[in-house]
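In case you want the letters, here they are:
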Amino acid sequence: VDADGCLRHAGMCSRAGGTHAGIDLLARRMPFHDAGRMTGPRRTQPEHPAPVTAGTPGRASRVLRGVLAWLLALAAIPLVNALGGALSDRVPGLGGGGALRLSVDLAWLAVAGCVAAALLARVVASARRVHVLAFFAIYFGAALYAVVTAWQVFPRWFLLAVLLSVPLQAGFGMRLARPRR
């Protein structure tokens, strides 16, 4: 560096005897020191901005995937539960009701909740945990309403198991939806 602050290395100073064009490039990367204080241009943008990739979904795509995920999760619970009920009707000894049939119905309800959570977590584009927790908060409210209205009709163990299984369904469904390594 000479008295003018000119770098006289090859390709660095454009004045007579050098090329000054590269000095601006250096000024952006490292500040100059002038009597103990920093001088030079201040950066307003990050040095390496995040690359924009073609595979990143846009806002409209994320919203549509979120709506589709909620609709699939809402449809999955009654469909899987109805399928389980139809399969249970075909098993001898489960068609008449009783504690065994309630246990099987409770298992199908848990499977339906896990399928709904897994579908929701797989299809939604972002904030998977938030979507699943919001869905199951609403699902827990519906289960609580069902328990309150059916308190005199069904056994207590069944109704309490319905309530207590909702958080487990959300957790297990999220675990099923995790990508495989």
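## Some details on the overall build of the protein
1) Next: Along the protein, the regular secondary structure elements total five helices and two strands.
2) Next: Of the regular secondary structure in the protein, the N- to C-terminal order runs α-β-β-α-α-α-α.
3) Next: A fraction of 55% describes how many contacts in the protein between residues 6 or more apart in sequence connect residues 24 or more apart.
4) Next: Total accessible area on the protein is roughly 12600 Å²; 66% of this is exposed by carbon and sulfur atoms.

## Structural notes on the layout of surface pockets
1) Next: The calculated volume of the largest pocket comes to roughly 340 Å³.
2) Next: What lines the largest pocket is a set of 18 residues, and nearest its centre among them are N81, L109, A146, F158 and V162.
3) Next: Sorting the residues of the lining of the largest pocket by element identifies α3 (99-123), α4 (128-149) and α5 (156-177) as the ones contributing at least two each.
4) Next: Looking at the lining of the largest pocket, the element that brings in the most residues is α5, giving six residues.
5) Next: Looking at the lining of the largest pocket residue by residue, the class counts come to 14 nonpolar, three polar and one charged.

## Side note on the pattern of salt bridges
1) Next: Scanning the model with the defined rule gives two salt bridges in all.
2) Next: Ionic pairing is found between D89 and R101, a salt bridge with its closest N-O pair at 2.7 Å. In this pair, D89 is assigned in helix α2 (residues 59-90) and R101 in helix α3, connecting sequence segments twelve residues apart.
3) Next: Beyond isolated ion pairs, a larger network of salt bridges with shared partners links D89, R101 and D105.

## Observations regarding the environment of R175
1) Next: As for its placement among the helices and strands, R175 is situated in helix α5.
2) Next: A sequence separation of 54 residues divides R175 from A121, and the C-alpha atoms of the two residues are 9.3 Å apart.

## Quick notes on the environment of L68
1) Next: Secondary-structure assignment places L68 in helix α2.
2) Next: Linking L68 and L120, residues 52 residues apart in sequence, is a C-alpha distance of 8.6 Å.

## So, the confidence of the model for the protein
1) Next: For the protein, per-residue confidence averages 77 on the pLDDT scale, and 67% of positions sit at 70 or higher.
2) Next: The model gives residues 22-28 a pLDDT under 50, and that stretch makes eleven contacts with residues more than four places away or in other chains.

## Some points on the packing of α3 against α5
1) Next: One can describe the packing of α3 onto α5 by two numbers: an axis separation of 7 Å at closest approach and a directional angle of 30 degrees. Viewed along their axes, α3 and α5 form a crossing whose handedness is right-handed. Contact residues: A99, L102, S103, L106, L109, A110, G113, C114, A117, A118, A121 and R122 in α3; W157, F158, A161, V162, Q169, A170, F172, G173, M174, L176 and A177 in α5.
2) Next: Across the contact of α3 with α5, the residue classes break down as 18 nonpolar, four polar and one charged.

The rules we used
Residues numbered from 1 in each chain as written. Predicted model: local features only at pLDDT ≥ 70, side-chain atom pairs only at ≥ 80, totals over all residues. Heavy atoms only, no water. Helix = DSSP H or I, 4+ residues; strand = E, 2+ residues; numbered from the N terminus. Contact = heavy atoms within 4.5 Å. Areas by Shrake-Rupley, 256 points an atom, 1.4 Å probe, with all protein chains shown as cover. 1 Å grid on protein atoms, 1.4 Å probe; cavity = no way out; pocket = protein on both sides within 12 Å on 5 of 7 lines; lining within 4 Å. Points joined across faces, edges and corners; volume = space filled by probe spheres on them. Nonpolar A, V, L, I, M, F, W, Y, C, P; charged D, E, K, R; others polar. Salt bridge = Lys/Arg side-chain N within 4 Å of Asp/Glu carboxyl O. pLDDT = per-residue confidence, 0-100. Axes fitted to C-alpha atoms, helices over the stretch in contact; angles between N-to-C directions. Left-handed = near helix turned anticlockwise from the far one by under 90°.

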